[in-house]
Amino acid sequence: DSKYTININAEMNYWPAEVCGLTESAEPLFSMIRDLSETGAITAREMYGCDGWMAHHNTDIWRIAGPVDASDWGMYPNGGAWLATHLWEHYLFTQDKAFLKEWYPVIKGAADFYLDYMQVHPEFGYLVVVPSVSPEHGGVGKQSPVCAGCTMDNQIVRDALTQVIFATKIMLEGASDDKQKTELNESLASFTAALKKIPQMKVGKYGQLQEWREDIDDPKDEHRHISHLYGLYPSNQISAFTTPDLFKASGVTLNQRGDQATGWSLGWKTNFWARMLDGNHAFKIISNMLRLLPNEGLERQYPDGRTFPNLFDAHPPFQIDGNFGVTAGIAEMLMQSHLSPSLTPDTQHLTPEIFLLPALPDAWKNGKISGIKARGGFTVSINWKDGKLESASIMPMKSGKLTLRTKTPIKQGTLVKTYSDLGVYEYEIDVIENKAVAITAG
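First, a word on what this report is: a plain description of the structure on this page. Here the structure is a predicted model, which is why all the values come from computation and not from measurement.

Within the element layout of this structure, glutamate 136 appears in the loop between β4 (127-128) and α7 (151-173). Filtering out sequence-adjacent residues up to four positions away, glutamate 136 remains in contact with Asn7, His57, Trp73, His223, Arg224 and His225.

Ranked by internal contacts, the top residues of the largest apolar core, which has 100 residues, are Ile33, Tyr114 and Trp268. Beyond its immediate chain neighbours, meaning those up to four positions away, tryptophan 268 contacts Ile8, Met12, Trp15, Trp82, Ile226, Ser227, Tyr230, Tyr233 and Pro234. If you look at the next biggest cluster of nonpolar residues, it comprises 26 residues, including Val19, Phe93, Ala331 and Ile429.

A few words on unusual backbone geometry. Here the amide bond leading from proline 135 into glutamate 136 is cis, since omega sits at -15°, within 30 degrees of zero. Note that the residue after tyrosine 233, namely proline 234, is joined by a cis bond; omega there is 15°. Residue position: proline 234 is located in the loop between α8 (178-195) and α9 (244-257). The backbone of leucine 277 sits at a positive phi, close to 65°, despite the residue not being glycine. Inspection of the secondary structure assignment puts leucine 277 in the loop between α10 (263-275) and α11 (279-289).

Among the secondary structure elements, tyrosine 230 is positioned in the loop between α8 and α9. For tyrosine 230, a relative accessible area of 1% translates into the label buried. The spacing of tyrosine 230 and isoleucine 8 is 222 residues in sequence and 9.4 Å in space, taken between C-alpha atoms.

Let's shift gears to the environment of histidine 338. Here histidine 338 lies in the loop between β5 (335-336) and β6 (353-356). For histidine 338 and threonine 94, which are 244 residues apart along the polypeptide, the C-alpha to C-alpha distance reads 14 Å. Aside from chain neighbours lying at most four places away, what touches histidine 338 is Asn236, Arg275, Glu332 and Arg375. A distance of 3.3 Å separates a polar atom in the side chain of histidine 338 from a polar atom in the side chain of arginine 275.

This part covers the sheet that holds strand β13 (residues 437-440). Here 4 strands make up an open sheet; going across it, the order is β7-β8-β9-β13 and the pairing antiparallel. Each of the sheet's edge strands pairs with one partner strand only, and the pair in question is β7 (367-374) and β13. Taking each pair of neighbouring strands and ignoring which way they run, the sheet shows an average axis angle of 15°. The pairing of β7 with strand β8 (residues 378-385) spans 6 bridges and is classified as antiparallel. When the bridges of β8 are listed, lysine 373 appears paired with threonine 379.

The subject of this paragraph is the sheet that holds strand β11 (residues 414-419). Spatially, β5-β6-β10-β12-β11 is the arrangement adopted by the 5 strands of the open sheet, whose pairing is mixed. Every other strand in the sheet has two partners, leaving β5 and β11 as the edge strands with one partner each. Here β11 runs beside strand β12 (residues 424-431); their pairing, made up of 5 bridges, is antiparallel. Counterpart to lysine 417 in the pairing with β12 is glutamate 426.

What follows is about the environment of histidine 225. Looking at the element boundaries, histidine 225 is found in the loop between α8 and α9. Between the alpha carbons of histidine 225 and phenylalanine 241 there is a distance of 25 Å; along the sequence they are 16 residues apart. Contacts of histidine 225, omitting those with residues within four sequence positions, involve Asn7, Ile8, Pro135, Glu136, His137, Arg257 and Trp264.

On a regular strand, each side chain points to the face opposite its neighbour's, so the side chains alternate between the two faces of the sheet. When β8 meets strand β9 (residues 388-396), the two strands line up antiparallel, connected through 8 bridges. Each residue of the ladder has a partner; that of lysine 385, found in β9, is lysine 388. Here β8 folds back onto β9, and the loop between the two strands holds 2 residues, one of which, aspartate 386, carries a positive phi near 55°. As paired elements, β9 and β13 share 4 bridges and run antiparallel to each other. Bridging from a neighbouring strand, serine 393 pairs with alanine 438 of β13.

Let us look at the pattern of salt bridges. Note that side chains of opposite charge can pair when their charged atoms are close. By the definition in use, this model includes 18 salt bridges. In this structure, lysine 3 and aspartate 69 form a salt bridge, with 2.9 Å as the shortest nitrogen-oxygen distance. Of the two residues, lysine 3 is situated in the segment before β1 (4-5) and aspartate 69 in the loop between β2 (58-59) and α4 (71-74); the sequence distance between them amounts to 66 residues. Assessed through its relative accessible area of 52%, aspartate 69 is described here as exposed. A salt bridge links arginine 213 to glutamate 214; its shortest N-O distance comes to 3.7 Å. We classify arginine 213 as partly exposed; its relative accessible area is 27%. On the basis of relative accessible area, glutamate 214 is assigned to the partly exposed category, the value being 32%.

A few words now on helix α3 (residues 27-48). Over its 22 residues, α3 extends 30 Å from the first C-alpha to the last, a length consistent with the 32 Å expected when each residue adds 1.5 Å. Looking only at α3, the buried set comprises Leu29, Phe30, Met32, Ile33, Leu36, Ser37, Gly40, Thr43 and Ala44. Tucked into the core, α3 has its buried residues touching β1, α2 (15-19), β2, α5 (79-94) and α6 (97-117). Two residues or fewer past α3, glycine 49 is found with a positive phi of approximately 65°.

Enumeration according to the criterion identifies 20 aromatic pairs in this entry. A centroid spacing of 6.3 Å and a plane angle of 55° characterise the contact between tryptophan 15 and tryptophan 268, whose relative ring orientation is tilted. With tryptophan 15 in helix α2 and tryptophan 268 in helix α10, this residue pair connects regions lying 253 residues apart in the sequence. Across this residue pair, the class does not change: tryptophan 15 and tryptophan 268 are buried. With a centroid separation of 4.5 Å and 20° between ring planes, the pair formed by phenylalanine 312 and phenylalanine 318 is classed as stacked. Every member of this aromatic cluster is reached through a ring pair, and the members are Trp15, Trp82, Tyr230, Tyr233, Trp264, Trp268 and Phe272.

Reading guide: rules and limits
As a convention, each chain's residues are numbered from 1 in the sequence order in which they are written. Confidence filtering applies because this is a predicted model: local features only for residues at pLDDT of at least 70, side-chain atom pairs given and counted only at 80 or more, and all residues used for totals across whole chains, interfaces and linings. Remark: hydrogens and water are excluded; side-chain values derive from all non-hydrogen atoms of the structure. Numbering goes from the N terminus for both helices and strands, where a helix is a DSSP run of H or I of at least four residues and a strand is a run of E of at least two. In what follows, residue pairs with any heavy atoms lying within 4.5 Å of each other are defined as contacts. What makes a nonpolar core is a set of buried Ala, Val, Leu, Ile, Met, Phe, Trp, Tyr and Cys residues whose side-chain atoms join them at distances within 4.5 Å. Only protein chains enter the area calculation, which uses a 1.4 Å probe; residues under 20% of their type maximum are buried, those over 50% are exposed, and those in between are partly exposed. Definition of a polar contact: a pair of N or O atoms within 3.5 Å, with one able to donate and the other able to accept a hydrogen when the atoms are protein atoms, and with sequence-neighbouring residues admitted only if both atoms are side-chain atoms. Only strands that DSSP links by at least two bridges are regarded as paired with each other. Only the stretch in contact is used when a helix axis is fitted, and all axes are lines through C-alpha atoms; the angle between N-to-C directions ranges over 0 to 180 degrees. Here, a salt bridge means any side-chain nitrogen of Lys or Arg that lies within 4 Å of a carboxyl oxygen of Asp or Glu. Expected helix span is taken as 1.5 Å per residue step, with the number of steps being one fewer than the number of residues. Side-chain rings of Phe, Tyr and Trp, where Trp is taken by its six-membered ring, are said to pair if the distance between their centres is within 6.5 Å; with planes under 30 degrees apart they count as stacked, over 60 as edge-to-face, and otherwise as tilted.

Put into structure tokens, the structure is as follows:
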């Protein structure tokens, strides 16, 4: 229908933009977000009686924001907030406060919608998004996928609120008058209070990360959407360092869903396994994606075909999401910086963190990459040999401290912590604006 699907696909197309140093390629996305913040404000007000702005799971060239198609997948009120996270991500990569000031009303509007839309759960007292769906299916025993407070909802709301809290604090630093400061402080209090009432993620009876509040996941489910792992990627709410139990549960979920899927889903799974620090499994997903489908119409002869001869992703049919998704996944295998900022909004400053070669597969024994970008305003180049870090260069935009993680001991910085179960070393390094830090294996 010439639509943009914004419950994963449109966002996926822009995952490589910042990390691969192609930030200007995100401008069309930002343009669409600005348009949607206007049409979506009408939808929020007229459909739901809510402040702010929102969009469902589809939009188009006219920037529709209402629900599209069946309720099973169309009753998804999180498309706008997910898109708005790209604005905050752009700030994290570029440190451009003028950009953040310009787009702050849009970031705030996405969070404002939830303050009105969420309801108090009558049994547990949480604030939940309702009605909603976990794209694009339901759990065992559910008569309808339409639900209240599924895991993905909670994760996206947590991002929307956490990011607007950080952004509001930055706006307060430049506030020019008492009225503006009062308004910002009032917003800050509202967002902080709501964030404390969002349900936490849960581990289910199979050891999996629950997709819904109820423990109704099917361990044999191989659905292409793994929406409740949004917290693993593209978000930073699940990691081996901050939430080890949820990290382990995410691995159970990924193994349950399997290593086959449609092309775009394989792109997402590449990023998932990179964030799981399992380079060999991420490489397996890429290998599954690169199985040939000679052309459309031959799906029966090539049931596992996921790439056309010209290297376009085969959903099938052709779907560019997989190409861009796996590109981002390769970047995540080689460098990660998603644990910036800290997950605690009480933190006054965003401490940058970089992980060099977090998920290097055995197949990539020797190599190098240059010019990739890290959150916090860093440009990174890496060389490796015999499967281990050999050297790296990190160029900072700002002076300050950097948390650097590696799987190889290095000569620079101060060793702060060793994660023996993960084989990871954590260092603290002082960086100086526009002065490259040379990293060498120790």
